[in-house]
Amino acid sequence: MQNPVFIPGPTNIPEFIRKAVDMPTLDHRSATFAAILRPALEGVRRVVKSDRAEVLVFPSTGTGGWEAAISNTLSPGDRVLAARHGLFSHRWIDMCERHGLDMEVVEAPWGAALPASRFAEILAADKNHRIKAVIATHNETATGVRSDIAAVRRALDAAGHPALLLVDGVSSIGSMDFRMDEWGVDIAVTGSQKGFMLPPGLAILALSPRAMAAVKSATLPRCFFDFRDMADAQAKGLYPYTPPVGLLNGLHVACNALLHEGLEAVFARHRRIADGVRAAASAWGLPLCADDPATYSDTVSAIRTPDGFDANLLVHRAATVYGTFFGTGLGQLSGRAFRIGHLGSMTDAMALSGIATIEMCMADLGLPIRLGSGVAAAQDVYRHRDAMRAAA
Ligand SMILES: *Cc1c(COP(=O)(O)O)cnc(C)c1O
């Protein structure tokens, strides 16, 4: 028997999406393929709230999406501004360094959001516009922290700075509000296996006209991920190589499901489920890694465990004894925190089962919690959903 997963990606796949992915072979040079591809691209554009973005979907993952973003828009030695405040923002920086980019890194505590005010100072001081791109991780999946992308845009605009704004939305897009046009995002990157509730296998990118224009002058090598080849092919309803047809069909169906539920309703559901998980953590007396309630992620909660306790044992016990997967602490949080992923195909009832399960693991391993305390705290949140809706 199968339990839902509580890792922050890959997420649970609803049955109707799994069926949409399971397709017989078809000719990807036929009109049948174009009829699958076009609505999938249009669906992504609507999910990221853009009227004008060019959406490109590559067979890859979110990380491949980053590589595509960097290699298509930047040249060796270009200066890039980034903050390191968790494992995923760290990995972006590492990738940029390996591409020979000149990194200006703002170090921030793991648990803090991207320091937008520091970015504003750096951008204002960069009078000669040496910085070519600003990289931001919208939702740091390692720490459960959401950063303010609108504030990064304001910092760029206040400095009159032309740098491109590249945003990792891998664990936010489709689950938390993401406003590509309003925030002036030049490239939004995500993958198929988080908010879109699909198996892994797609790098999904939305590109502003400025990002598409930057491809012409950027000289980093790229071939498989060349935006122009993909854009030219997709404009004709084609692919520059063999497309993952089933995943693209699933993407179309997933976008329809999100848009049918209503994006604002999807975001409210994630907020409510996250509020319940946070109430449970508070009832257990365990702090979140996120240091400011204004930055709490609605897709993943990283929960600290007491000093001297190995948080990995909780995750291991949940998997081996109860057949339920949670996320481990990553990087410097390894052993010090565990993560509950609550994004994608997730309901109040599913979240309650996860909270109940990890609570059993805590009791089994001798953490001083009272069985049922986290569940009851979450129930209190979920019972009042009608009142929450009325107040919203
Ligand atoms: C999952 C994740 C990634 C990595 O995506 P892959 O699809 O595993 O390559 C990158 N950034 C964030 C914020 C993520 O949550």
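Residues numbered from 1 in each chain as written. Predicted model: local features only at pLDDT ≥ 70, side-chain atom pairs only at ≥ 80, totals over all residues. Heavy atoms only, no water.

### Looking at the site of the ligand
- Near the ligand, the surroundings consist of Thr 61, Gly 62, Thr 63, Trp 66, Phe 88, Asn 139, Thr 141, Asp 168, Val 170, Ser 171, Gln 193 and Lys 194.
- Measuring from an oxygen atom of the ligand, one finds a side-chain N or O atom of Gln 193 at 2.7 Å.
- Take Lys 194: an N or O atom from its side chain is 2.7 Å from an oxygen atom of the ligand.
- Notes on the ligand: free accessible area 380 Å², of which the protein chains cover 89%.
- With three residues, helix H3 (residues 62-73) is the single largest residue contributor to the shell around the ligand.
- Of the residues assigned to the shell around the ligand, the class counts are three nonpolar, seven polar and two charged. (Near = heavy atom within 4 Å. Polar contact = N/O pair within 3.5 Å; in protein donor to acceptor, adjacent residues only side chain to side chain. Areas by Shrake-Rupley, 256 points an atom, 1.4 Å probe, with all protein chains shown as cover. Helix = DSSP H or I, 4+ residues; strand = E, 2+ residues; numbered from the N terminus. Nonpolar A, V, L, I, M, F, W, Y, C, P; charged D, E, K, R; others polar.)

### Quick notes on the nonpolar core
- Counting 90 residues, the largest nonpolar core has Val 134, Phe 196, Leu 205, Phe 227 and Leu 251 as its most contacted members.
- Ignoring any residue separated from it by four or fewer positions in sequence, one finds Leu 205 in contact with Glu 54, Val 55, Leu 56, Phe 58, Gly 65, Ala 68, Ala 69, Ile 187, Ala 188, Val 189 and Phe 227.
- Judged by nonpolar contacts, the second largest core, of 31 residues, contains Phe 6, Leu 314, Val 381 and Tyr 382. (Core = buried A, V, L, I, M, F, W, Y, C linked by side-chain atoms within 4.5 Å. Buried < 20%, exposed > 50% of the residue type's maximum accessible area, 1.4 Å probe, protein only. Contact = heavy atoms within 4.5 Å.)

### Let's talk about the pairing of strand E10 (residues 300-304)
- Most of E10 sits out of view: four of its five residues are buried.
- Pairing between E10 and strand E12 (residues 337-341): five bridges, direction antiparallel. From the neighbouring strand, Val 300 faces E12, where its bridge partner is Gly 341. (Pairing = 2+ DSSP bridges.)

### Focus on the pattern of salt bridges
- Taken as a whole and judged by the stated rule, the model has 25 salt bridges.
- The closest approach of N and O atoms between Glu 104 and Arg 79, which form a salt bridge, is 2.8 Å. Of this pair, Glu 104 sits in strand E3 (residues 102-107) while Arg 79 sits in strand E2 (residues 79-84); the two residues are 25 residues apart in sequence, bridging distant segments of the chain.
- Of the residues examined, Arg 79 reaches a relative accessible area of 21% and is grouped as partly exposed.
- Among the salt bridges present, the one from Asp 102 reaches Arg 130, with a minimum N-O distance of 3.2 Å. Here the residue Asp 102 occupies a position in strand E3, and Arg 130 occupies one in the loop between helix H5 (116-125) and strand E4 (131-137), the gap between them amounting to 28 residues.
- What emerges from the salt-bridge pattern is a single network uniting Lys 49, Asp 177, Arg 179, Glu 182 and Glu 264. (Salt bridge = Lys/Arg side-chain N within 4 Å of Asp/Glu carboxyl O.)

### Digging into the packing of helix H11 (residues 311-320) against helix H12 (residues 348-364)
- Across the interface, H11 lies against H12 with an axial gap of 9 Å and an inter-helix angle of 120 degrees. Seen along the crossing, H11 lies across H12 with a hand that is right-handed. Facing Leu 314, Arg 317 and Ala 318 of H11, the residues of H12 in contact are Ile 358, Cys 361, Met 362 and Asp 364. (Axes fitted to C-alpha atoms, helices over the stretch in contact; angles between N-to-C directions. Left-handed = near helix turned anticlockwise from the far one by under 90°.)

### Comments concerning the sheet that holds E3
- A sheet is described by the order of its strands in space; here seven strands give the open sequence E1-E9-E8-E7-E4-E2-E3, paired in mixed fashion. If you trace the sheet from one side to the other, it starts and ends with strand E1 (54-59) and E3, each paired once. In this sheet, adjacent strand axes meet at a mean angle of 20 degrees when their direction is disregarded.
- Here five bridges tie E4 to strand E7 (residues 164-168), and the two strands are oriented parallel to one another. Among the inter-strand pairings, Thr 137 is bridged to a residue of E7, identified as Asp 168.
- In this fold helix H6 (residues 149-158) packs onto E4 and E7, with an angle of close to 170 degrees to the strand it touches most, E7.

### Examining the packing of aromatic side chains
- Using the criterion set out here, one finds nine aromatic pairs in the structure.
- Aromatic side chains Phe 178 and Trp 183 sit 5.4 Å apart centroid to centroid with 65 degrees between the ring planes, which places their arrangement in the edge-to-face category. By the burial criterion, Phe 178 is buried, and Trp 183 matches it.
- When the centroid spacing of 5.2 Å and the interplanar angle of 80 degrees are considered together, the rings of Phe 224 and Phe 225 count as edge-to-face.
- Looking at Phe 225, the relative accessible area reads 15%, which means it is buried.
- Members of the aromatic cluster, connected to one another through ring pairs, are Phe 33, Phe 58, Phe 224, Phe 225, Phe 227, Tyr 239 and Tyr 241.
- The ring of Phe 88 carries Lys 194 above its face, with NZ or CZ at 5.5 Å from the centroid. (Phe/Tyr/Trp six-rings, centres within 6.5 Å; stacked < 30°, edge-to-face > 60°. Lys NZ or Arg CZ within 6 Å of the ring centre and 35° of its normal.)

In short, the description is geometric, and any link to function would need to be established separately.
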